[in-house]
Amino acid sequence: MDVVDEVTATWENDDAVGTRSHVRDPYPTPVPRSFPNAKAGVPVLSPKHANLRIKRASPLFCHHALFTSLLPQPTSFAMSSTDNILAASKKHPKPADRVFQYGTAGFRMNASLLDSVVFRAGLTAALRSRKLGGQTIGVMITASHNPPEDNGIKLVDPMGEMLENSWEAHSTELANAQSDEELVQTYKKLETSLKISPETTARVIFARDTRPSGPKLVAALVDALEATGAEYTDYKTLTTPQLHYLTRCTNTEGTPQSYGDISEKGYYEKLSSAFKRAMKGKTTTGHITVDCANGVGGPKLTELIKYLNKASEGGIDIKIVNDDVLKAESLNHEVRCYPAISARTS
């Protein structure tokens, strides 16, 4: 019997960078976002983005109870989330002899020690978003100027600023829970003491730099976001300022405080526009050499240059060195300082 002719559902697509794509499939299997085993490429239904539309169906299939059973049930969300966190945490055990501290740069250390830290930072991001009524929190996986074997994670508040100081302590507390059970207890304690509703939709965006440990740490982060039922968008590789920019743009979209287009292209347009204003009435001589330390800044600066005027057009000439992101061992190796460019008012 042909029960359903067509269903449109929201899919997570690995090939879509920073976007959600809508794919038609006649027989999708809806997977609520709060399910621990939801994976990219599998149909996902969430409170905000659910898009299940039956065009023609059998009357028996249209029974209301059957439809509502496909969606996450708010009344059982809290218990489901707790169970999911416990199950997911077992995949990311904390090193027994380590004490972690969230600081100015977030958590930063040898990447081999970060698996549990990143998972638990993901829990912090979900809690922070819910505390702020569902505003989007940014998460950046990077260790900036550290050697290639290191990595780190930091959280970005809604306006693109650093994580509020008091939440550094909450993230530290979660990171140091000694067992999976203690972690869940700490999570629930924070939820209660901070008066956070588990039914509020949590929203997170994240990115990473080019370190080889990045993809594995992203997987740990995603496990935490799925366990807590958070909506998320993966922007793949970005610089830290780009992730800060996207976080602010996401939270101000459609408001009088709109900060810019929610895209990497929007970042280049905004930055280049500001630079052109700063350079108005000025000229430059020579060129500036930028050592990108073989990190993510190399390819991103290459893109930015496309939006800038050359010196002959009232802009600036930039020469990039050390922009090889394919050799992990060359990251931050023998970075040099170069003479500054000179500028004068016309």
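Residues numbered from 1 in each chain as written. Predicted model: local features only at pLDDT ≥ 70, side-chain atom pairs only at ≥ 80, totals over all residues. Heavy atoms only, no water.

## A word on the packing of helix α8 (residues 264-278) against helix α9 (residues 297-305)
Working step 1: Two elements in contact, α8 and α9, have axes whose closest approach is 9 Å; the angle formed by their N-to-C orientations is 60°. In terms of axis orientation, α8 runs oblique to α9. The element α8 and its partner α9 pack so that their crossing is right-handed. When α8 is examined against α9, the residues E264, Y268 and L271 are found in contact with a partner set consisting of K300, E303 and L304.
Working step 2: Residue composition of the contact of α8 with α9, by class: 3 nonpolar, no polar and 3 charged. (Axes fitted to C-alpha atoms, helices over the stretch in contact; angles between N-to-C directions. Helix = DSSP H or I, 4+ residues; strand = E, 2+ residues; numbered from the N terminus. Parallel < 35°, antiparallel > 145°, perpendicular 65-115°, else oblique. Left-handed = near helix turned anticlockwise from the far one by under 90°. Contact = heavy atoms within 4.5 Å. Nonpolar A, V, L, I, M, F, W, Y, C, P; charged D, E, K, R; others polar.)

## Considerations on the nonpolar core
Working step 1: Formed by 45 residues in total, the largest nonpolar core has its most connected members in F107, V118, L123, V139, I153, L155 and F206.
Working step 2: Setting aside anything within four residues of it in sequence, one finds F107 in contact with F100, Q101, Y102, L114, V117, N151, G152, I153, S171, T172 and A175. (Core = buried A, V, L, I, M, F, W, Y, C linked by side-chain atoms within 4.5 Å. Buried < 20%, exposed > 50% of the residue type's maximum accessible area, 1.4 Å probe, protein only.)

## Concerning the pattern of salt bridges
Working step 1: For the structure shown, the criterion picks out 13 salt bridges.
Working step 2: In this structure, R128 and E164 form a salt bridge, with 3.3 Å as the shortest nitrogen-oxygen distance. With R128 in helix α3 (residues 115-131) and E164 in the loop between β8 (150-156) and α4 (165-175), this residue pair connects regions lying 36 residues apart in the sequence.
Working step 3: The partner of R203 in a salt bridge is E231, and the shortest N-O contact between them spans 3.5 Å. Of this pair, R203 sits in strand β9 (residues 203-208) while E231 sits in strand β10 (residues 231-237), and the two are 28 residues apart along the sequence.
Working step 4: The exposure class assigned to E231 is buried, which follows from its relative accessible area of 3%.
Working step 5: Linked through salt bridges whose partners overlap, the residues forming this network are K90, D180 and E181. (Salt bridge = Lys/Arg side-chain N within 4 Å of Asp/Glu carboxyl O.)

## Remarks on the environment of K94
Working step 1: As for its position among the elements, K94 is in the loop between α2 (74-89) and β6 (107-110).
Working step 2: Judged by relative accessible area, K94 falls into the buried class, the value being 12%.
Working step 3: Expressed as a C-alpha distance, the spacing of K94 and A177, which sit 83 residues apart in the sequence, is 8.0 Å.
Working step 4: Setting aside residues up to four positions removed in sequence, K94 forms contacts with F100, S116, R120, A175, N176, A177 and Q178.

## Some words on the packing of aromatic side chains
Working step 1: Across all of its chains, the model carries 6 aromatic pairs by this definition.
Working step 2: Judged by centre distance (5.5 Å) and plane angle (75°), the rings of Y245 and Y267 are edge-to-face. Taken together, the residues Y245 in helix α7 (residues 240-252) and Y267 in helix α8 connect sequence positions 22 residues apart.
Working step 3: On the basis of an interplanar angle of 25° and a centroid distance of 5.5 Å, the ring pair of Y268 and Y307 is categorised as stacked. Residue Y268 is found in helix α8, and its partner Y307 is found in the loop between α9 and β13 (318-321); the two are separated by 39 residues along the sequence.
Working step 4: Assessed through its relative accessible area of 3%, Y268 is described here as buried.
Working step 5: Taking the relative accessible area as the measure of exposure, Y307 reaches 23% and is therefore partly exposed.
Working step 6: Taken together, the aromatic side chains of Y245, Y259, Y267, Y268 and Y307 make up a single cluster linked through ring pairs.
Working step 7: Over the ring of Y259 we find R248; its NZ or CZ atom is 4.5 Å from the centre of that ring.
Working step 8: Taking the ring centre of Y259 as reference, the NZ or CZ of K270 above it sits at 4.1 Å. (Phe/Tyr/Trp six-rings, centres within 6.5 Å; stacked < 30°, edge-to-face > 60°. Lys NZ or Arg CZ within 6 Å of the ring centre and 35° of its normal.)

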